[in-house]
Amino acid sequence: MAKRNFQRIVLKLSGEALAGDQGFGINPDVVEEFAQEIAALAKSTDLEIAIVVGGGNLWRGLAGSNQGMDRATADYMGMLATVMNSLALQDALEQAGVDTRVQTAIEMQEIAEPYIRRRAIRHLEKKRIVIFGAGLGKPYFSTDTTAALRAAEIEADAILMAKKFADGVYDSDPKTNPNAVKFDELTYNDIITKELKVMDATSTTLCKDNNIPIIVFSMDIPGNITKAAKGEEIGTIVRG
Ligand code: UDP
């Protein structure tokens, strides 16, 4: 297997992760734990770290539209949820002693910078952690799509997709099927043709077109973000 040697990464944290066991909202202790690990990683390596955080712990656009809301409005609420998560993470990371910048895809200059690609790259070069908030600023997209597009734009070497519970991609749901088999490696086409629930098809296609590897691993195991970032073979790697 080719060595995984990353210089610049996009870490995708699902919103759910920040909720901890309570399943909803933002749990400051959980955020602090993630921040401590990410800060230690940033301080001990030359890795350039960008983060995309989801919003599912606060609001999901699709859920709102299923209950009769206008989809675009519900999605904009989801984007705002990601900004709250981004600020929580920024606060915890700064308290852990690393410089950060939040850049949002919807302008809200009182609380964050607007997304400017070249500026984001400059921050990364200066070893600041850049958190991309408000998704892509467009309804009908997801924070997975955000991770894929931003990774392409900033020429990241990989997306580290930290998932709750599953320690990689399985052929069926390991929570319900004890015989589920874990894949160590998959292609982008496998994800699409087998309809594996790793990321949505738009995000997978973007990664495929731009040849961005995705490492899918469990965020429930402390130290996993560090292992994935340092290129240890954990979880499932998706590539061409
Ligand atoms: N969202 C959106 N456009 C984007 C990114 C996010 O409309 O570019 C909305 C969408 O409604 C989504 C919500 O924000 O449901 C929260 O993001 P996501 O569901 O991807 O978060 P996660 O599942 O990772 O917590």
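The rules behind these values
- Residues numbered from 1 in each chain as written.
- Predicted model: local features only at pLDDT ≥ 70, side-chain atom pairs only at ≥ 80, totals over all residues.
- Pairing = 2+ DSSP bridges.
- Helix = DSSP H or I, 4+ residues; strand = E, 2+ residues; numbered from the N terminus.
- Contact = placed C-beta atoms within 7 Å.
- Axes fitted to C-alpha atoms, helices over the stretch in contact; angles between N-to-C directions.
- Buried ≥ 20, exposed ≤ 12 C-beta atoms within 10 Å, placed from the backbone.

Describing the sheet that holds strand 5 (residues 129-133)
At step 1: Here 9 strands make up an open sheet; going across it, the order is 4-3-5-2-1-6-10-11-9 and the pairing mixed. A single partner strand is all that each edge strand has here, and the edge strands are strand 4 (113-114) and strand 9 (185-187).
At step 2: Two elements, strand 1 (residues 8-13) and strand 6 (residues 158-163), share 5 bridges in a ladder whose sense is parallel. Bridged to Leu13 within strand 6 is Ala162.
At step 3: Running at roughly 150° to strand 5, helix 5 (residues 117-125) makes contact with strand 1, strand 2 (48-53), strand 3 (100-104), strand 4 and strand 5 of the sheet.

Here's the deal with the pairing of strand 10 (residues 214-218)
At step 1: With 4 of its 5 residues buried, strand 10 lies for the most part within the structure.
At step 2: Summarising the sheet, strand 6 and strand 10 pair through 5 bridges and their orientation is parallel. Pairing of Ile159 across the sheet is with Ile214, part of strand 10.
At step 3: One ladder, built from 3 bridges, connects strand 10 with strand 11 (residues 236-239); its direction is antiparallel. The residue of strand 11 that forms the bridge with Val216 is Thr236.

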